[in-house]
Amino acid sequence: HRLIKQMTLTAIVVGLTLCFSPLNTQLQSVAHAAPSAQKASKPIKRLLTAIRYQKDDLALASFDGDAQGAMIFGEQWSKQSPEERARFVKTLHAFFTVAAFPKIRKEYFAHLETILYGEPEMLSEGGAKVRATIVVLHALKKDEIPVDFSLHQVNGKWLIRDFSINPDPKAP
């Protein structure tokens, strides 16, 4: 009986793979993207994997806290001392580790099926945008949660500047 169950499970997995071949095409397009575009996706993969496996320090290393502070405070950010900026980034990151990351683990990763990474869109100012779709299987339904990431390079390293969970997958 165990062998039959294993063979049935294998057949189901192969069948699902064939049914979702458009998704495979999307994933393959990322693999054939320009090297700089591929590198733009790495911090997102690192972030989501680190959150999932409770490696919060590694997850936080994917963010550019200074850029996040500048986005939140606008022109007031440049008027803050380096100590004030560092304190804000530390507080923001503490919020991520105490509230945001545990909630993501509980609501999304507890029933994770897969994460799909879209092809990075390279922006004219040297940044990039990448959409990741978190596919979650709940007891009665399947959810696809699109997350849009905005990245830029700091000293040759891609870092996440901003992200938004987009409930409407058709929205830009």
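Rules and cut-offs
- Residues numbered from 1 in each chain as written.
- Predicted model: local features only at pLDDT ≥ 70, side-chain atom pairs only at ≥ 80, totals over all residues.
- Heavy atoms only, no water.
- Helix = DSSP H or I, 4+ residues; strand = E, 2+ residues; numbered from the N terminus.
- Buried < 20%, exposed > 50% of the residue type's maximum accessible area, 1.4 Å probe, protein only.
- pLDDT = per-residue confidence, 0-100.
- Contact = heavy atoms within 4.5 Å.
- Expected span 1.5 Å × (residues − 1).
- Bend = angle between axes of the 7 residues up to and from the residue.
- Core = buried A, V, L, I, M, F, W, Y, C linked by side-chain atoms within 4.5 Å.
- Polar contact = N/O pair within 3.5 Å; in protein donor to acceptor, adjacent residues only side chain to side chain.

**Student:** Account for the environment of F163, naming residues and giving values.
**Tutor:** By secondary structure assignment, the location of F163 is in strand 5 (residues 157–165). Judged by relative accessible area, which is 30%, F163 ranks as partly exposed. For the pair formed by F163 and D148, sequence separation is 15 residues and the distance between their alpha carbons is 5.4 Å.

**Student:** Now, about the confidence of the model for the chain: what can you tell me, with residues and values included?
**Tutor:** Scored by pLDDT, the chain has a mean of 79; 74% of the residues are at 70 or more. Per-element confidence in the chain is highest for helix 4 (residues 56–60), whose mean pLDDT is 96, and lowest for helix 1 (residues 2–19), whose mean pLDDT is 35. The model gives residues 1–34 a pLDDT under 50, and that stretch makes 15 contacts with residues more than four places away or in other chains.

**Student:** Quick rundown of helix 6 (residues 82–107)? Include the residues and the values.
**Tutor:** With 26 residues, helix 6 should cover 38 Å at 1.5 Å per step; its first-to-last C-alpha distance of 36 Å lies within 8% of that length. By the largest-angle criterion, F96 marks the main kink of helix 6, which is about 40°. Buried within helix 6 we find V89, L92, H93, F96, A100, F101, I104 and R105.

**Student:** Provide a residue-level description of the nonpolar core, including the pertinent values.
**Tutor:** Formed by 30 residues in total, the largest nonpolar core has its most connected members in I44, L47, F101, F109, I115, I134 and F149. Where this core is concerned, the elements lending two or more residues are helix 3 (35–52), helix 4, helix 6, strand 1 (112–117), strand 3 (128–137), strand 4 (142–154) and strand 5. Element by element, the count of residues in this core is highest for helix 3, at six residues. In contact with L47, other than residues within four places in its own chain, are A59, S62, F63, F101, F149 and I160.

**Student:** Quick one: what's the story with helix 5 (residues 65–73), residue by residue and with numbers?
**Tutor:** When helix 5 is considered as a whole, its buried residues turn out to be G65, A67, Q68 and G69. Those residues of helix 5 hidden inside the fold are in contact with helix 6, strand 4 and strand 5. The N-capping residue of helix 5, defined by a side-chain oxygen 3.2 Å from the backbone nitrogen of D66, is D64. Of the residues trailing helix 5, G74 is marked for its positive phi of about 60°.

**Student:** Tell me about unusual backbone geometry, and name the residues and values.
**Tutor:** A positive phi is found at Q54, a non-glycine position, where the angle reads about 60°. Locating Q54 in the fold gives a position in the loop between helix 3 and helix 4. Using a relative accessible area of 60% as the deciding quantity, one classes Q54 as exposed. Even without being glycine, N155 reaches a positive phi, approximately 55°. Within the secondary structure, N155 sits in the loop between strand 4 and strand 5. Residue N155 is classed as exposed on the basis of its relative accessible area, which comes to 83%.

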